[in-house]
Amino acid sequence: MSWSPTSWQQRPAKQQAGYGDPAALASVVDEIGLLPPLVTSWEVEKLRNQLAKAARGEAFLLQGGDCAESFEDCRAEPIAAKLKILLQMSLVLVHGTRKQVIRVGRIAGQYAKPRSTDTETRGDTTLAAYRGDLINRGAFTAADREPDPTLMLRAYERAALTLNFIRALVDGGFADLHHPEYWDVSFAKGTPNAAQYQRIVDGIRESLDFVSAIAGVESEVLRRVEIYTSHEALALPYEQAQTRQVPRRAGWYNLSTHFPWIGMRTAQLDGAHVEFHRGIENPLGIKIGPAMTTEWLTGLLDALDPQRIPGKITLIHRMGAGNVASKLAPLVEAVRSTGRRVLWVCDPMHGNTETTPTGIKTRRFDNIMTELEQSFELHAELGSYLGGVHIELTGEDVTECIGGARGLTEIDLERAYKSRVDPRLNYEQALEIAMRISKHLRGS
Ligand code: PEP
Ligand code: CO
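Residues numbered from 1 in each chain as written. Chains lettered and ligands numbered in written order. Predicted model: local features only at pLDDT ≥ 70, side-chain atom pairs only at ≥ 80, totals over all residues. Heavy atoms only, no water.

1. Remarks on helix H13 (residues 365-381)
In step 1: Relative to the 24 Å expected for 17 residues at 1.5 Å per residue, H13 spans 24 Å between its end C-alpha atoms, a close match to the ideal helical length.
In step 2: Burial in H13 covers these residues: Phe365, Ile368, Met369, Glu371, Leu372, Ser375, Phe376, Leu378 and His379.
In step 3: After H13 finishes, the residue Gly383 shows a positive phi value of roughly 70°. (Helix = DSSP H or I, 4+ residues; strand = E, 2+ residues; numbered from the N terminus. Expected span 1.5 Å × (residues − 1). Buried < 20%, exposed > 50% of the residue type's maximum accessible area, 1.4 Å probe, protein only.)

In structure tokens, the structure reads:
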């Protein structure tokens, strides 16, 4: 069947906004289509090649960021803090995995959210659910919850501003290991975690100095890192608007991000999201939860990657601690029996969300760690390779997840809970996860 950036419109599309004014929507889509892309096709190709390496066991993917970015947080400090924690985690993971680490943010476009219900009721008022800053506004009024297509343009602009700042920071030496201030941990000096982290940084810095002395490698080479972007490609008009052909390359690229992913809520084989994604050249993530079946999964692989392109498919499993052996093992076996090589990544966050007795959404650090450990072990047992992690985190000192070295409790959740959607690991907890993963991998 023929494909075009709009062919998804002929299929049922779940989790869409339901805009009241189709002409206003069309005009925004046209406008975004004329603006320059956020990323380039060669970056997309480069990332796909790196993901292919990770699928072969030669690299490791670190994908992380907010559950949902907000327009309000499109500011220097939160962006720099997120970049910093991703870089620090990646450094720790290089140390643990002894492999190249591919850094991908849930950033510069993670503005649309799937919701479990279409509406939200407070008292006797029922309004449309908040679907992320790209779609509508969070305040509980009818006007705020009305989907507004101009927000898509605002999202595009914020994504561009975010990416511009990230690129400038990286170009300006933010990731240079010789700038200790960038690598400094801004927490808990003197704690065991801080000391362990410092040892890792010092060790890597020494190795780099050694290599540059011996090989005469320009420090410029060592100073630069790559950061890629990803988001859930949920709001299809937004994705369509930036999907285009580029000079001297075949095919269509979604240039709103390097690495879009499909959530399981929208992964129906005959649905609009699968239709849209089957036509683009980008590497694709697919989230898989406990309800995924082997037939559904192999159907998705056939639909989305009929040519078995290396690096094309990343399967991001989020089973929940306790479900790994029973739910993941059959899927790993099923994919193996197709003869395909995919990149397996563990998202230890979304299967471990719970609500406290006082009604706060949280996650326990221990459950997150357990799912990670179980996943590494299961893949190893099955002769497969877990080639990455997908984490919801922030570079700030929030209190949204319970546990970690500082032992955050339910009481602490009231102190600095900022997420409007899922609870994220804070700066310390995120770094601790990276160190625990490293330790686990070095130990095994
Ligand atoms: C998410 O990644 O924020 C998300 C909604 O995940 P999932 O679709 O896996 O629940
Ligand atoms: Co989330």
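There is more to say, and it comes next.
2. Digging into the nonpolar core
In step 1: Within the largest apolar cluster, 66 residues are counted, with the highest numbers of intra-cluster contacts made by Ile288, Leu315, Trp344, Leu425 and Ile433.
In step 2: Considering every element that reaches this core, the biggest residue donor is helix H14 (residues 427-443), with seven residues.
In step 3: Setting aside chain neighbours within four positions, we find Ile288 in contact with Met264, Leu297, Leu315, Ile316, His317, Arg318, Met319, Leu331 and Trp344.
In step 4: Of all hydrophobic cores here, the second largest spans 42 residues; its members include Val29, Ile32, Val39 and Ile135. (Core = buried A, V, L, I, M, F, W, Y, C linked by side-chain atoms within 4.5 Å. Contact = heavy atoms within 4.5 Å.)

3. Topic: the coordination of the cobalt ion (ligand 2)
In step 1: Protein-derived coordination of the cobalt ion (ligand 2) comes from Cys67 (SG), His350 (NE2), Glu392 (OE) and Asp422 (OD), at a distance range of 2.1 to 2.4 Å.
In step 2: Written as a sequence motif, the donor arrangement for the cobalt ion (ligand 2) is C-x282-H-x41-E-x29-D. One end of the pair, His350, is in the loop between strand E11 (343-346) and strand E12 (353-355); the other, Glu392, is in strand E14 (residues 386-392), with 42 residues separating them in the sequence. Neither His350 nor Glu392 differs from the other in exposure class; each is buried. (Donors = N, O, S within 2.8 Å, 3.2 Å for Na, K, Ca; no water.)

4. Here's the deal with the packing of H13 against H14
In step 1: Two numbers describe how H13 lies on H14: the axes approach to 11 Å, and their chain directions differ by 30°. It follows that H13 is roughly parallel to H14 by the angle criterion. When you trace H13 past H14, the crossing you get is right-handed. In contact with Phe365, Ile368, Met369, Leu372, Glu373, Phe376 and Glu377 of H13, H14 contributes Gln429, Glu432, Ile433, Arg436, Ile437, His440 and Leu441.
In step 2: Within the contact of H13 with H14, the residues separate by chemical class into eight nonpolar, two polar and four charged. (Axes fitted to C-alpha atoms, helices over the stretch in contact; angles between N-to-C directions. Parallel < 35°, antiparallel > 145°, perpendicular 65-115°, else oblique. Left-handed = near helix turned anticlockwise from the far one by under 90°. Nonpolar A, V, L, I, M, F, W, Y, C, P; charged D, E, K, R; others polar.)

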